[in-house]
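Per-entry structural report
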Amino acid sequence: MASASFVKLNNLSSPWIGQRSFAHHSASSPSPPRVSFAIRAGAYSDELVKTAKSIASPGRGILAIDESNATCGKRLASIGLDNTEENRQAYRQLLLTTPGLGDYISGAILFEETLYQSTKDGKKFVDCLRDANIVPGIKVDKGLSPLPGSNDESWCQGLDGLASRSAEYYKQGARFAKWRTVVSVPCGPSALAVKEAAWGLARYAAISQDNGLVPIVEPEILLDGDHPIERTLEVAEKVWSEVFFYLAQNNVMFEGILLKPSMVTPGAEHKNKASPETVAEHTLTMLKRRVPPAVPGIMFLSGGQSEAEATLNLNAMNQNPNPWHVSFSYARALQNSVLRTWQGKPEMFEASQKALLVRAKANSLAQLGKYSAEGENEDAKRGMFVKGYTY
Ligand code: 13P
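Conventions and cut-offs
- Residues numbered from 1 in each chain as written.
- Predicted model: local features only at pLDDT ≥ 70, side-chain atom pairs only at ≥ 80, totals over all residues.
- Heavy atoms only, no water.
- UniProt positions renumbered as here; feature names shortened; annotations may be inferred.
- Helix = DSSP H or I, 4+ residues; strand = E, 2+ residues; numbered from the N terminus.
- Buried < 20%, exposed > 50% of the residue type's maximum accessible area, 1.4 Å probe, protein only.
- Contact = heavy atoms within 4.5 Å.
- Pairing = 2+ DSSP bridges.
- Right-handed = clockwise from strand over helix to strand, strands pointing away.
- Axes fitted to C-alpha atoms, helices over the stretch in contact; angles between N-to-C directions.
- Parallel < 35°, antiparallel > 145°, perpendicular 65-115°, else oblique.
- Near = heavy atom within 4 Å.
- Areas by Shrake-Rupley, 256 points an atom, 1.4 Å probe, with all protein chains shown as cover.
- Nonpolar A, V, L, I, M, F, W, Y, C, P; charged D, E, K, R; others polar.
- pLDDT = per-residue confidence, 0-100.

As annotated in an unreviewed UniProt entry, the protein chain carries the name Fructose-bisphosphate aldolase and comes from Microthlaspi erraticum. Comment text from UniProt for the protein chain, heading Function (unreviewed entry), reads "Plays a key role in glycolysis and gluconeogenesis." Comment text from UniProt for the protein chain, heading Sequence similarities (unreviewed entry), reads "Belongs to the class I fructose-bisphosphate aldolase family."

What follows is the structure in structure tokens.
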């Protein structure tokens, strides 16, 4: 059986580089077959590494504003605005044209509508970002659907046509991609759901790299549940081991990916809260056990934590050097104060941009391990957890 797979590997040829051989010793075979193992060299390898490094640059992280139209509608509804294209554009313009944003933000994840949209004055959003030294990114998954045969779990759709969509997004200026799938602790998670999540992420990552987009790999372990932090750690280790197994099987180049994990915390309904130090300890334990140092950056999601909580936890993780850039890719934990300040009022436009800058700077400091929560207002401390949250 072993020799059959060796033969198959030996047949790998030209588009592969880094081939190395070693002799396979066997008592019955005096001249052993040569075995090759390979890392694929894609047309975009150098560019992918450069893009990933620029996103994972010191003191910077990602602004996630890739809410689908339905989810963006919920954000707008929270301040009494209708979910129209005009309002979505106005809100995204407010965020993306914030002066000085590029000092703290290295990448912005957009929804497809925003990738092709412009400011009211006709400047493409992708150009606004490039001028601010921020890499434009694109959400490429097509959302979650029930997973038949599982324990009420879901799977992430979007692989059909992904290669051609990715090539188009690249032409439009996107240089990285995001695919978010979820894993639920209270639902098990079942072996089927974990395998499906990991395989989908790996196929997406390979297709993204093939089309010049750095894939953000995001198996979100939902906060839902009353389980202790140890249970989250156990599930996170299982999930990430499968994700890396399939990433490797799909010949994904680890130097050209970014991860978007959930922090390892107790379930949102657990009786005890964990301190930033405890969250940092469990999260870093999990990452050190599962993530190779070839991966350039870990960009956490906020998952319903309050703005201050997400920043404090990130800060705690950066008190000692890590093998990877440990940073943020927050949506709710960067947008909450902005929305509350803006309320859709033109006269609050600048104040709202300042509110975004305050959060972006706080997280930038946390990336450097230098954040102090002194002076944080009550709003920033308000949690945003929503049971069964969809994105
Ligand atoms: P939150 O930071 O609100 O969890 O969102 C991040 C994200 O992009 C989820 O995919």
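1. Overview of the side chain of Ser 364
Within the element layout of this structure, Ser 364 appears in helix α13 (residues 349-367). According to the relative accessible area criterion, Ser 364 is buried, its value standing at 8%. Ignoring any residue separated from it by four or fewer positions in sequence, one finds Ser 364 in contact with Gly 59, Tyr 104 and Phe 328.

2. Here's the deal with the pairing of strand β11 (residues 297-300)
Burial along β11 is two-sided: Gly 297 and Met 299 and Ile 298 and Phe 300, pointing in opposite directions, are all buried. As paired elements, strand β10 (residues 258-259) and β11 share 2 bridges and run parallel to each other. By the bridge assignment for β11, Leu 258 is matched with Gly 297. A crossover links β10 with its parallel partner β11, the connecting element being helix α10 (residues 276-290), and its sense is right-handed. Examined bridge by bridge, β11 and strand β12 (residues 325-330) share 4 bridges and lie parallel to one another. Across the sheet, Phe 300 pairs through a bridge with Phe 328, a residue of β12.

3. Side note on unusual backbone geometry
Of note, the bond from Gly 188 into Pro 189 is cis; its omega dihedral lies within 30 degrees of zero at -15 degrees. The topology assignment puts Pro 189 in the loop between β8 (176-183) and α8 (191-210). The backbone of Asn 133 shows a phi angle near 60 degrees, a positive value even though the residue is not glycine. Counting through the fold element by element, Asn 133 comes out in the loop between α6 (125-131) and β5 (135-139). The phi dihedral of Asp 152 falls on the positive side, at around 60 degrees, and the residue is not glycine. Relative to the elements of secondary structure, Asp 152 occurs in the loop between β6 (144-146) and β7 (154-156).

4. Quick notes on the packing of helix α3 (residues 69-77) against helix α4 (residues 85-96)
It is at 11 Å that the axes of α3 and α4 come closest, and there the two elements cross at 75 degrees. Taken together, the axes of α3 and α4 are roughly perpendicular relative to one another. Counted together, Asn 69, Cys 72 and Leu 76 of α3 and Asn 87, Arg 88, Tyr 91 and Arg 92 of α4 form the full contact between these two elements.

5. What to know about the site of the ligand
Taken together, the neighbourhood of the ligand is formed by 14 residues, with Lys 178, Lys 260, Ser 302, Gly 303 and Arg 332 sitting nearest. Contact with the protein chains covers 100% of the free accessible surface of the ligand, which is 300 Å². Looking at the shell around the ligand, the elements with two or more residues in it are β8 and β12. Class assignment of the residues belonging to the shell around the ligand gives a composition of 5 nonpolar, 3 polar and 6 charged.

6. Some details on the confidence of the model for the protein chain
Of all residues in the protein chain, 86% have pLDDT values of 70 or greater, and the mean over the chain is 90. Scored below 50 in pLDDT, residues 1-27 shows 38 contacts in the model against residues more than four places distant or in partner chains.

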